[in-house]
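Structure at a glance
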Amino acid sequence: MPSIDCTITGEGVELLGAIKGATISALEAVIAARENMAWRTVRIHLGDAAVDVTVSLRNLPVNSEGDVEEFGTLAVSVAGPGTLRVEGVDKETEWRDVGAKVAGITLVNDHVVASEHGQVIMERSFTQVIVFDLADDSSLVLDKGTWFSEMIAIGAGEVWRNLVYESSQDWADDPEEPSVRYGWTRTLQEV
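Description of the structure in this document.

What counts as what
Residues numbered from 1 in each chain as written. Predicted model: local features only at pLDDT ≥ 70, side-chain atom pairs only at ≥ 80, totals over all residues. Heavy atoms only, no water. Helix = DSSP H or I, 4+ residues; strand = E, 2+ residues; numbered from the N terminus. Rg over C-alpha atoms; globule rule 2.2 N^0.38 Å. Buried < 20%, exposed > 50% of the residue type's maximum accessible area, 1.4 Å probe, protein only. Contact = heavy atoms within 4.5 Å. Areas by Shrake-Rupley, 256 points an atom, 1.4 Å probe, with all protein chains shown as cover. Lys, Arg positive; Asp, Glu negative; His and termini not counted. Charge placed at Lys NZ, Arg CZ, Asp CG, Glu CD. Arc of directions from axis to C-beta. Polar contact = N/O pair within 3.5 Å; in protein donor to acceptor, adjacent residues only side chain to side chain. Core = buried A, V, L, I, M, F, W, Y, C linked by side-chain atoms within 4.5 Å. Pairing = 2+ DSSP bridges.

This part is about the overall build of the protein. Helix and strand counts for the protein stand at one helix and ten strands. For the protein, the N- to C-terminal ordering of α and β elements is β-α-β-β-β-β-β-β-β-β-β. For the protein, the C-alpha radius of gyration of 17 Å lies close to 16 Å, the compact-globule estimate for 191 residues. In terms of its C-alpha atoms, the protein occupies a principal-axis envelope of roughly 55 × 35 × 30 Å. Counting over 191 residues, the protein shows a buried share of 46%. Here the contacts in the protein between residues at least 6 apart in sequence split such that 61% fall between residues at least 24 apart. Accessible area of the protein: about 9,700 Å², with a carbon and sulfur share of 47%. Averaging the locations of the 14 positively and 32 negatively charged side chains of the protein gives two centres separated by 3 Å.

What follows is the structure in structure tokens.
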């Protein structure tokens, strides 16, 4: 049974932790589809430093027979030099001023277990959303959306739970596969 942890850990958590107390000056992204949808990467500018939040598709096993599906996973890394470029996308980046101090950061991690005839066939944990609690009591969220997407939704507002994609709907039991059942839980991890 494939059990896979795609949550942000290690260096990604350390980079996010270093943002606490800093001021996010701006976000930079290639906006696609709707006005709040970034293609693959959102660059967080912090004065002289920058951090990239990326979503990339990975082929992950879905059962013990070796079948795979593409699954979008979030990662955090130090931004490279120069202007953000998204390979294969011929669009300029857009900048969004933020100008707010980060008071806290929360990773919203989802966990899915699939079972067939009562036997667990797949278990997966993944970071769905990064929430930046800002000093003005608002939130900035970066949400990977559906499990197969390469887009990151950028949201801002007072109640972060109203801004995020509810991934439990992706894991509802499928009437075409009555023998497969899904269980979904969400945990919050303070950084």
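Turning next to helix H1 (residues 10–19). An α-helical turn contains 3.6 residues, so a residue and the one three or four places further along point in the same direction. Of the positions making up H1, those classed as buried are Gly 12, Leu 15, Leu 16 and Ile 19. For H1, the buried positions fall inside an angular range of 95 degrees around the axis, keeping them on one side. Along H1, exposed side chains directed more than 90 degrees from the buried face belong to Glu 11, Glu 14 and Ala 18. The inward-facing, buried residues of H1 contact strand E3 (37–46), strand E4 (49–61), strand E5 (68–78), strand E6 (94–116) and strand E7 (119–134).

Further remarks concern the side chain of Ser 139. Topologically, Ser 139 is positioned in strand E8 (residues 139–143). Judged by relative accessible area, Ser 139 falls into the buried class, the value being 4%. A distance of 3.3 Å separates the side chain of Ser 139 from the side chain of Asp 133, its partner in a polar contact.

With that out of the way, let us pick up the nonpolar core. Ranked by internal contacts, the top residues of the largest apolar core, which has 29 residues, are Leu 16, Ile 130, Phe 132 and Ile 154. The residues contacting Ile 154, other than those within four sequence positions of it, are Leu 27, Ala 29, Ile 31, Asn 36, Ala 38, Val 42, Leu 140, Val 141 and Leu 142. Ranked by size, the runner-up nonpolar core spans ten residues in total, among them Cys 6, Phe 71, Met 122 and Trp 171.

Below, the discussion takes up the pairing of strand E9 (residues 151–157). The buried fraction of E9 amounts to five of the seven residues, a majority that puts the element mostly inside the structure. For E3 and E9, the ladder comprises three bridges, and the chain directions are antiparallel. Residue pairing in the sheet places Met 37 in a bridge with Ala 153 of E9. Of the pairings in the sheet, the one linking E8 to E9 comprises five bridges and is antiparallel in character. The partner of Leu 142 across the bridge, within E9, is Ile 154.

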